[in-house]
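Coordinates in review
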Amino acid sequence: MKAIIIPKLTVVGAGPGDPDLITLKAIKAIKNANVILYDALVNKELLQYASPNAELIFVGKRKGCYAYQQEQINDLIVARAKSHGHVVRLKGGDPFIFGRGAEEIDYVRPFGLETYMVPGISSSLAVPAYQGIPLTKRGSSESFWVITGTTKAHKISKDIAVAAKSSATVVILMGMSKLEEIVSIFSSEGKQKTPIAIIQNGTTKDEKFGVGTIETICNVVKEKQLANPAIIVIGEVVEKRVLLNSIFNKVNKQPEVISV
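I will try to describe carefully the structure that is included in this document. Fair warning: this is a prediction, and the values are worked out from it, not measured in the lab. (Residues numbered from 1 in each chain as written. Predicted model: local features only at pLDDT ≥ 70, side-chain atom pairs only at ≥ 80, totals over all residues. Heavy atoms only, no water.)

1. Comments concerning the overall build of the protein chain
Helix and strand content of the protein chain: eight helices and twelve strands. For the protein chain, whose C-alpha radius of gyration is 20 Å, the value lies close to the compact-globule estimate of 18 Å for 260 residues. In terms of principal-axis extent, the alpha carbons of the protein chain reach across some 70 × 40 × 35 Å. Across the 260 residues of the protein chain, 48% fall into the buried class. Looking at the protein chain alone, contacts between residues at least 24 apart form 67% of all its contacts between residues at least 6 apart. When the accessible surface of the protein chain is split by element, carbon and sulfur atoms take 52% of a total near 13,500 Å². Taking the average location of the 32 positive side-chain charges in the protein chain and that of its 24 negative ones, the two points are 2 Å from each other. (Helix = DSSP H or I, 4+ residues; strand = E, 2+ residues; numbered from the N terminus. Rg over C-alpha atoms; globule rule 2.2 N^0.38 Å. Buried < 20%, exposed > 50% of the residue type's maximum accessible area, 1.4 Å probe, protein only. Contact = heavy atoms within 4.5 Å. Areas by Shrake-Rupley, 256 points an atom, 1.4 Å probe, with all protein chains shown as cover. Lys, Arg positive; Asp, Glu negative; His and termini not counted. Charge placed at Lys NZ, Arg CZ, Asp CG, Glu CD.)

Structural data, given as structure tokens:
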């Protein structure tokens, strides 16, 4: 008797890069998947949890380089779910924070797929933490903003100008190509001396870190050759870094295989 295929999509957050920063629920979903579509920022060590019978498809996107266009990814999810059953869409960080997870779920639901979501640890939180930067700290910051640096139209987000007027910590994702514009906006608010940190490849063995002020950070970027993928953190909390042992003690070891 032929097995009945139930088309299903689970959007799974893979965390910020360190393979240990993934939830047990995410590992269970990966193990249960018939097909896994994974992005460029997903640590490939996580694929060890996949069934040996699962189909693994790289659909990653980097600036100027696309393995698949988003429309093709949407169609691939539906096609594989109908032919194979359970599709896991594995995305870096948290898929509902600038990850298009909601868009993909909205797309597939009219095709009759069951849809599920497993949140991930967002890079906007974990990457600064690994550098000892608290996004909030009493007496320094009462809130934080998480903003995309580049909009769908490839323009700088207007929210950055609003955030620059506040005393909040500002975390900017996908903002390196707009760094000069960001610096100009904060400078226009008289914040030339405001501390700023840039963290590239956060929580991984390839992590690079630069710190300065609004008026010096562009020189720091050139000196340290910082580039995408990177996170920008602006605010007084950058000066409130706590002393940590080297993160490489945490990220160089092989992840423990967890039986779930």
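Don't stop here, the text continues.
2. Section: the nonpolar core
Ranked by internal contacts, the top residues of the largest apolar core, which has 23 residues, are I160, I182, F186, I198, I217, I232 and I234. Look past the residues within four positions of F186 in its chain and what remains in contact with it is I160, A164, V170, K191, I214 and I234. Judged by nonpolar contacts, the second largest core, of 19 residues, contains I22, I36, Y38 and Y49. (Core = buried A, V, L, I, M, F, W, Y, C linked by side-chain atoms within 4.5 Å.)

3. A word on the side chain of T115
Considering the arrangement of structural elements, one finds T115 in strand β7 (residues 114-118). There is a polar contact of 2.9 Å between the side chain of T115 and the side chain of R109. Contacts of T115, omitting those with residues within four sequence positions, involve L9, I105, V108 and R109. (Polar contact = N/O pair within 3.5 Å; in protein donor to acceptor, adjacent residues only side chain to side chain.)

4. Some words on the packing of helix α6 (residues 179-188) against helix α7 (residues 217-224)
Interaxial distance between α6 and α7 falls to 10 Å at its minimum, and their mutual angle equals 155°. Put simply, α6 runs roughly antiparallel to α7. Where α6 approaches α7, its residues L179, E180 and V183 are matched on the opposing element by I217, C218 and V221. In terms of residue class, the contact of α6 with α7 is built from five nonpolar, no polar and one charged. (Axes fitted to C-alpha atoms, helices over the stretch in contact; angles between N-to-C directions. Parallel < 35°, antiparallel > 145°, perpendicular 65-115°, else oblique. Nonpolar A, V, L, I, M, F, W, Y, C, P; charged D, E, K, R; others polar.)

5. Focus on the pattern of salt bridges
By the definition in use, this model includes eight salt bridges. We note a salt bridge from D39 to R89, for which the minimum N-O separation is 2.8 Å. Here D39 is found in the loop between β2 (35-38) and β3 (55-58), whereas its partner R89 is found in strand β6 (residues 86-91), with 50 residues between them in sequence. Classification of R89 as buried rests on a relative accessible area of 0%. Note that K91 is salt-bridged to E104, the shortest N-O span being 3.3 Å. In this pair, K91 is assigned in strand β6 and E104 in helix α3 (residues 101-108), connecting sequence segments 13 residues apart. By relative accessible area, E104 is classed as buried at 0%. What emerges from the salt-bridge pattern is a single network uniting D39, R89, K91 and E104. (Salt bridge = Lys/Arg side-chain N within 4 Å of Asp/Glu carboxyl O.)

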